[in-house]
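# Structure assessment
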Amino acid sequence: MFSRAGHNVVIDTTPDFRQQALREKLEQLDAVVYTHSHADHILGFDDLRPFNMRQGCAMPIYASQDTLAALRRTFAYAFNEPPPGITIPRVTLHAVNGPFDLLGTSWTPVPAEHGDMSVLGFRVGWLAYLTDFSRVPEESKPLLAGVDDLVLDALRDIPHPMHQTVQQALDLVTELRPRRAWFTHIAHDLPHQETNQRLVRQGFPHVQMAYDGLHFEVRL
Ligand SMILES: [Zn+2]
Ligand SMILES: [Zn+2]
């Protein structure tokens with residue numbers, strides 16, 4: 001979640017979205033930005049409904065054309081006129097083709113490869129958030145230049161067709177040289193404390209495992 005002056009944008013609505021919103025006492029939601037349409041990133045979509053009721057308006061959704069098409073398929077009921085008296089999630093769809101503005105700041109999509117699927121990461125100020133990818137194509141690397149904070153996929157040590165290993169993540173950190181990096185989309189193979197200690201030993205004290213409820217400030 002990205003917060004600024006009491007306004008909030010959520011990246012992906014995971015199956016845990018409801019619990020995350022309760023945990024963070026999310027009172028106001030201004031928009032949702034999607035990285036891709038895998039189930040673990042969209043299945044909380046229906047829980048946007050309370051924000052529709054509370055805020056009295058449709059939720060702006062930002063995603064690639066492919067992701068928007070998958071949302072329409074998966075949640076078809078939300079895109080048809082409901083029977084009288086029935087509420088459905090109400091959204092306005094914005095296809096992401098380039099940078100867009102949210103909460104008074106520019107969001108730049110960063111295309112990446114998640115196996116053979118195209119996904120989006122996002123650059124906001126000096127933050128880059130890239131979950132679920134196996135490779136950042138060369139054309140996207142200039143979009144990540146000079147970032148302070150890099151959140152990136154590091155699934156485990158064993159290679160996976162759609163996610164980075166710890167070593168691949170560290171190679172990208174070495175190349176992009178962020179001030180801090182946070183691993184996300186971590187499998188159970190990587191114990192939290194031990195992995196953090198190992199990263200320090202390996203010469204990456206500025207790279208740590210992200211965790212539920214992690215908060216940090218970003219430069220805009
Ligand atoms: Zn995925
Ligand atoms: Zn995922």
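Residues numbered from 1 in each chain as written. Chains lettered and ligands numbered in written order. Predicted model: local features only at pLDDT ≥ 70, side-chain atom pairs only at ≥ 80, totals over all residues. Heavy atoms only, no water.

Counting secondary structure elements, the chain contains six helices and 12 strands. Against the compact-globule benchmark of 17 Å for 220 residues, the chain has a radius of gyration of 18 Å, which places it among compact chains. Over its C-alpha atoms, taken along the principal directions, the chain stretches across nearly 60 × 35 × 30 Å. A burial count over the chain gives 46% of its 220 residues as buried. Relative to all contacts within the chain whose residues are 6 or more apart in sequence, the contacts with residues 24 or more apart total 59%. Total accessible area computed for the chain in this model is approximately 11,200 Å², and 51% of it derives from carbon and sulfur atoms. Side-chain charges of the chain comprise 19 positive and 26 negative groups, with the mean position of each set lying 4 Å from the other. (Helix = DSSP H or I, 4+ residues; strand = E, 2+ residues; numbered from the N terminus. Rg over C-alpha atoms; globule rule 2.2 N^0.38 Å. Buried < 20%, exposed > 50% of the residue type's maximum accessible area, 1.4 Å probe, protein only. Contact = heavy atoms within 4.5 Å. Areas by Shrake-Rupley, 256 points an atom, 1.4 Å probe, with all protein chains shown as cover. Lys, Arg positive; Asp, Glu negative; His and termini not counted. Charge placed at Lys NZ, Arg CZ, Asp CG, Glu CD.)

Bound to the zinc ion (ligand 1) on the protein side are His36 (NE2), His38 (ND1), His114 (NE2) and Asp132 (OD), at distances that span 2.2 Å. In this structure, the zinc ion (ligand 1) is surrounded by four donor atoms whose angles at the metal cover 87 to 172°, and the resulting shape is irregular. Taken in sequence order, the residues that donate to the zinc ion (ligand 1) follow the motif H-x1-H-x75-H-x17-D. On the accessibility criterion, His36 (0% relative accessible area) is buried. (Donors = N, O, S within 2.8 Å, 3.2 Å for Na, K, Ca; no water. Tetrahedral: all angles 85-135°; square planar, octahedral: opposite > 155°, others 65-115°.)

Next up on the list: the pattern of salt bridges. Taken as a whole and assessed by the stated rule, the structure comprises 10 salt bridges. Here Glu138 makes a salt bridge to Lys141, at a shortest N to O gap of 2.8 Å. Through salt bridges that share partners, Glu138, Lys141 and Glu175 make up one connected network. (Salt bridge = Lys/Arg side-chain N within 4 Å of Asp/Glu carboxyl O.)

It is worth spelling out the coordination of the zinc ion (ligand 2) at this point. Perfect tetrahedral coordination of a metal by four donors corresponds to 109.5 degrees between them, and perfect octahedral coordination by six donors corresponds to 90 or 180 degrees. Around the zinc ion (ligand 2), the protein contributes the donor atoms Asp40 (OD), His41 (NE2), Asp132 (OD) and His185 (NE2), at 2.1 to 2.2 Å from the metal centre. Taken together, the four donor atoms coordinating the zinc ion (ligand 2) and their angles of 87 to 160° define a geometry best described as irregular. Counting residues between consecutive donors of the zinc ion (ligand 2) along the chain gives the motif D-H-x90-D-x52-H. Taking relative accessible area as the criterion, His185 reaches 22% and is therefore assigned partly exposed.

In terms of nonpolar packing, the biggest core is built from 25 residues, with Leu130, Phe133, Leu150, Leu152, Phe183 and Val207 touching the most fellow members. Those elements that place two or more of their residues in this core are strand S7 (105-114), strand S9 (127-130), strand S10 (149-153), helix H5 (166-176), strand S11 (180-184) and strand S12 (207-209). If you tally residues by element for this core, the top one is H5, at six residues. When sequence neighbours within four positions are dropped, the list of residues in contact with Phe183 reads Leu152, Ala154, Val166, Ala169, Leu170, Leu199, Val207, Gln208, Met209 and Ala210. Val10, Tyr34, Ala63 and Ala78 belong to the second largest nonpolar core, which has 19 residues in total. (Core = buried A, V, L, I, M, F, W, Y, C linked by side-chain atoms within 4.5 Å.)

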